[in-house]
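Fold and contact review
Okay, here's what each chain looks like letter by letter:
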Amino acid sequence: MISTLAEYQELIVVATVMMVAMFAIYAALRTYNRFGGGGDIWKERYAELERRMSKADSIFGAYPGLILIWDEKHKATDQGWGKPKVYGSPAALASIQRFAEPGRSKNLALRILDGLADLDAIGENENEMTLRKHLDVLRRNGNPFSISIVLPEGNVIEADGRAAGHQAVLWLEDASIRGEDERTAISRFETQKLLTQEDPVAFIDMLGRAPFPIWRMSSAGKLVWVNEAYISAVGADNMADVLSGQIQLDKLAAEEAQGVLNTQSRLENIRRVNIGRDMKSMLISLFPISGGAVGMAVDASETEDLRHALKRHVQSHDELLNNMDEAIVIFGADQRMSFHNTAFADLFSLEPGWFTTRPSHSEWLDLMRERQLLPLQSDYKAWKASELALYTDWPAEVPDEIWSLPEGKTLRLARMRDPRGGISLLLSDITNTVTLQSQFNTLINVQAATLDKLSEGIAVFGPDGRMKLSNKAFAKLWEIEESQLEQGIGFADIADKCLPLYHDKIFWNDLKARATDPNPDVRLHVDGEIKRSDDKILTWLSRPLPDGATLMAWQDVTSARKAEAALIERAEALEAADRLKSEFVGHVSYQLRTPLTTISGYADFLQNNLAGELSDKQSEYVFAIQTASEDLKKTIDDILDIAAIEANVLDLELGDVDIFELLDQALDYVATKAEDTRKNLTLECPEDVGVIRADGRRLKQVIYNLLSNALRFTKPGGNIILGAKPSHNGGVQIWVRDDGVGIPSDRQPQVFESFKSSRGGAGLGLALVQRFVERHGGWVELESEEGQGTYVTFYMPKEAAIDAAHPEFEFKVAE
């Protein structure tokens with residue numbers, strides 16, 4: 001081809017010279033004719049030049065390719081191709097125009113250059129510069145070139161460039177038409193063109209019928225082909241409309257295609273694209289090819305939904321693992337850490353920064369060994385190798401392991417194989433579990449030993465009616481050999497062994513139902529008493545347990561029943577004696593009141609000088625009689641009150657009682673006696689302490705008794721405090737505290753008993769205090785230390801017990 005090109009190059013130069021000569025002859029001829037010169041000579045020369053030009057055109061027309069000649073000033077190819085002249089045969093023109101880039105430009109040469117300029121090319125010395133770059137060097141520097149342009153369908157275009165004087169010449173030859181005559185070649189190309197336009201199945205049937213948009217772009221970033229799915233996606237009628245209007249899939253398509261052409265690298269992304277009338281998530285794929293780029297848009301809506309669902313699933317899975325108490329770590333097939341939960345970091349006290357480098361399984365083991373958080377190994381290197389060997393040699397069974405750490409922790413390790421070749425580790429801190437299990441086992445042993453020491457017969461039956469537990473006393477009580485009471489024996493078998501001592505089958509069937517019937521109305525807390533054929537009396541009870549089992553217990557109460565009968569008989573006798581005592585005390589007290597009234601009356605008569613004026617000595621004696629009479633009268637009243645309370649005939653006279661006023665009056669009542677005995681009285685009570693419903697007279701009697709006791713047992717100069725405060729439940733607490741002699745601890749339990757006194761006296765003061773307070777529904781509490789004093793507190797409710805009071809009148813307004 002080189003020699004042929006040289007000949008054509010020479011021919012081009014000659015033709016050019018001839019054209020210049022013809023122009024010169026023509027100009028000379030016109031001049032000559034103007035001045036009357038001989039025109040025949042110049043006409044002959046002009047005709048000769050026309051014959052030569054016709055011969056040159058015939059030679060150009062016979063060349064099986066195209067010739068493009070530039071004679072204007074060179075511009076960079078990225079600024080356009082200029083205006084080259086085109087020569088060649090019609091067959092060559094029909095062949096090469098197949099590769100012209102579609103578009104609106106009417107200049108076929110420019111469209112051919114756009115179509116071929118960026119296709120892959122093979123040149124000399126393995127030079128792979130494209131036609132565009134070679135033409136740029138030729139027109140700028142005159143450097144010749146010869147390259148083969150590889151077409152997408154496999155054909156080859158031979159391209160040669162030479163400089164001819166100040167002109168640049170490009171020869172393009174389609175190797176597929178060598179040896180064909182012109183008419184045959186044109187007919188074949190026209191047929192192929194029609195097939196390409198009318199029947200895409202012949203060439204790109206698969207891509208044309210693809211259900212997703214596919215398009216091809218030239219190196220200039222223009223659409224050159226699209227399939228039916230693309231046409232439908234952009235809402236066009238046909239391919240011609242798309243190509244003529246350069247309708248892109250969306251606003252980013254052209255920009256992304258240009259980026260792929262510039263970088264010659266693949267681009268993929270998922271974004272929302274308007275396909276027809278629907279907005280869908282599409283996977284856009286763009287990749288460079290020879291002469292341009294190809295794009296595909298695949299519907300990724302379902303994939304995106306699945307990806308988001310998977311992402312949410314992974315997030316919820318990770319969140320679930322993070323909320324677990326067990327430590328979890330996952331190593332990938334590369335033996336590097338891919339996940340860990342919070343419990344894992346906390347268990348081994350690992351800082352967040354340690355995880356940023358995705359440490360390997362080996363690095364984690366080394367760190368744990370350094371911190372003494374691994375079980376002690378005699379050969380750590382071999383043990384570590386066996387751990388890491390699990391990635392390549394996973395056994396059929398991998399049992400859990402118990403790690404006892406040097407620091408005292410106990411961990412349970414479970415390994416799980418990842419389908420992708422990784423390993424997941426689950427570590428549980430079972431230190432407390434092991435401790436609790438040990439304690440539980442000890443407790444079970446202690447309970448078993450305790451049950452065997454009990455005198456009651458114990459048996460526990462499961463929901464299936466089989467025995468789970470029994471003690472020795474059960475076997476002994478029902479005279480059954482211990483060897484016959486194996487765990488798991490049925491209730492019916494045990495009942496059969498007990499029938500000789502208690503023949504009531506209905507009783508045993510009822511007990512069995514309580515153990516096996518899940519109905520809560522049947523599984524109740526029940527107990528009872530039976531008398532066996534050997535005259536022994538047994539009490540029994542049945543209690544449902546939380547785990548569905550039932551506990552049954554029997555106790556031999558034969559001796560207790562006999563003792564109980566004796567005690568009942570004795571109690572009845574004591575009750576009769578106490579009743580006689582109360583009646584006697586009440587009778588005697590009543591009989592004493594009459595002479596006492598007489599004595600007290602005559603003493604008052606004498607003290608008032610009604611029988612004559614008394615001397616000081618006589619007045620002193622009469623005062624002593626009056627004092628003794630008052631004390632005796634109070635004692636008799638106390639005895640009568642005690643008798644009335646014990647006979648349950650003392651009723652309270654309820655009314656509204658202002659506590660502060662009551663205490664203030666009580667303190668005034670004993671103030672004279674306190675001054676005489678040089679003892680200090682203090683009232684600790686807020687004025688708004690409140691009002692309660694109580695028997696004011698009895699309450700005053702209670703306070704007076706407490707103050708009298710405090711005055712009696714407090715030395716001169718001592719302190720006595722009377723106080724009160726509201727209680728949290730609406731009542732009031734009242735107390736009397738002194739720093740007197742106190743009460744010995746061995747006598748304190750008796751202070752509230754009638755006629756019991758630790759230091760002389762009738763022993764009725766505190767007894768009445770307790771009974772009056774309890775009659776109101778309250779309670780009394782005493783604290784005392786010998787030599788330190790006594791502190792008595794009693795509580796009074798907001799409302800006294802109604803059953804202890806007289807019925808109160810109720811007034812209702814008639815409607």
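Bringing the overall build of the protein chain into the picture now. Secondary structure assignment for the protein chain yields 23 helices and 28 strands. Contacts spanning at least 24 positions in sequence make up 51% of the contacts within the protein chain whose residues lie at least 6 apart. Accessible surface, the protein chain as shown: approximately 47500 Å² in total, 53% of it carbon and sulfur.

Any two side chains of opposite charge can pair, on the condition that their charged atoms come close. Scanning the model with the defined rule gives 20 salt bridges in all. Put simply, aspartate 418 and arginine 420 hold a salt bridge, and the shortest N to O gap is 3.7 Å. Judged by its relative accessible area of 72%, arginine 420 falls in the exposed class. In this structure, the salt-bridge partner of arginine 514 is aspartate 510, at a minimum N-O distance of 3.2 Å. Taken as a pair, arginine 514 and aspartate 510 lie in helix H18 (residues 505-516) at a separation of four residues, close to a single helical turn. Taking relative accessible area as the criterion, arginine 514 reaches 16% and is therefore assigned buried. In this structure, a network of salt bridges that share partners links the residues Asp250, Glu256 and Arg271.

Moving on, we get to a negative patch on the surface. On the surface, Glu661, Asp664, Asp668, Glu687 and Asp688 cluster together to form a negatively charged patch. On the secondary structure map, aspartate 668 appears in helix H21 (residues 659-676).

Residues Tyr602, Phe605, Leu606 and Leu610 make up a contiguous nonpolar surface patch of roughly 410 Å² in combined accessible area. Among the structural elements, leucine 610 can be located in the loop between helix H19 (558-607) and helix H20 (616-646).

It is worth spelling out the confidence of the model for the protein chain at this point. Looking at the protein chain as a whole, its pLDDT mean stands at 79, while 77% of the residues score no less than 70. Confidence, read as mean pLDDT per element, is least for helix H6 (residues 182-198) in the protein chain (47) and greatest for strand S26 (residues 732-738) (93). Confidence over residues 188-203 falls short of pLDDT 50; this stretch has 19 contacts with residues more than four positions distant or in other chains. Contacts for the low-pLDDT stretch residues 809-815, under 50 throughout, to residues beyond four places or in other chains number zero contacts.

On to the packing of aromatic side chains, then. Applying the stated criterion across every chain, the model contains 18 aromatic pairs. Look at tryptophan 215 and tyrosine 230: their rings are 5.4 Å apart centre to centre, the planes differ by 50°, and that puts the pair in the tilted class. Separated by 15 residues along the polypeptide, tryptophan 215 in strand S7 (residues 214-218) and tyrosine 230 in helix H8 (residues 228-234) bring together distant segments of the chain. By relative accessible area, tyrosine 230 is classed as buried at 0%. Between tryptophan 779 and tyrosine 795, the ring centres sit 5.7 Å apart and the planes meet at 20°, which makes this aromatic pair stacked. In this pair, tryptophan 779 sits in strand S27 (residues 779-785) while tyrosine 795 sits in strand S28 (residues 789-796), placing the two residues 16 residues apart along the sequence. Owing to a relative accessible area of 37%, tryptophan 779 belongs among the partly exposed residues under this scheme. Residue tyrosine 795 is classed as buried on the basis of its relative accessible area, which comes to 9%. Grouping aromatic residues by their ring pairs yields a cluster made of Phe474, Trp478, Tyr502, Phe507, Trp508, Trp540 and Trp554. A cation over a ring is seen here: arginine 532 above tryptophan 478, with NZ or CZ 5.1 Å from the ring centre.

Once that is clear, we can look at the sheet that holds strand S14 (residues 401-404). What holds strands together in a sheet is hydrogen bonding between their backbones, with the strands either parallel or antiparallel. Across the sheet, which stays open at both edges, the five strands sit in the order S13-S12-S16-S15-S14 with antiparallel pairing between neighbours. Where the open sheet ends on each side, the last strands, each with one partner, are strand S13 (337-340) and S14. Neighbouring strand axes in the sheet, compared pairwise and without regard to direction, differ in orientation by 25° on average. In this structure, strand S12 (residues 327-331) lies alongside S13, joined through three bridges in antiparallel fashion.

What follows concerns the packing of helix H13 (residues 361-370) against helix H14 (residues 380-388). Interaxial distance between H13 and H14 falls to 11 Å at its minimum, and their mutual angle equals 145°. The handedness of the crossing between H13 and H14 comes out as right-handed. On H14, the residues that touch His361, Ser362, Leu365, Asp366 and Arg369 of H13 are Tyr380, Trp383, Lys384, Glu387 and Leu388. Its residues assigned to classes, the contact of H13 with H14 comprises four nonpolar, two polar and four charged.

Rules used in this analysis
Residues numbered from 1 in each chain as written. Predicted model: local features only at pLDDT ≥ 70, side-chain atom pairs only at ≥ 80, totals over all residues. Heavy atoms only, no water. Helix = DSSP H or I, 4+ residues; strand = E, 2+ residues; numbered from the N terminus. Contact = heavy atoms within 4.5 Å. Areas by Shrake-Rupley, 256 points an atom, 1.4 Å probe, with all protein chains shown as cover. Salt bridge = Lys/Arg side-chain N within 4 Å of Asp/Glu carboxyl O. Buried < 20%, exposed > 50% of the residue type's maximum accessible area, 1.4 Å probe, protein only. Patch = residues over 30% accessible without salt bridge, like charges linked within 9 Å, V, L, I, M, F, W, Y side chains within 5 Å. Lys, Arg positive; Asp, Glu negative; His and termini not counted. Charge placed at Lys NZ, Arg CZ, Asp CG, Glu CD. pLDDT = per-residue confidence, 0-100. Phe/Tyr/Trp six-rings, centres within 6.5 Å; stacked < 30°, edge-to-face > 60°. Lys NZ or Arg CZ within 6 Å of the ring centre and 35° of its normal. Pairing = 2+ DSSP bridges. Axes fitted to C-alpha atoms, helices over the stretch in contact; angles between N-to-C directions. Left-handed = near helix turned anticlockwise from the far one by under 90°. Nonpolar A, V, L, I, M, F, W, Y, C, P; charged D, E, K, R; others polar.

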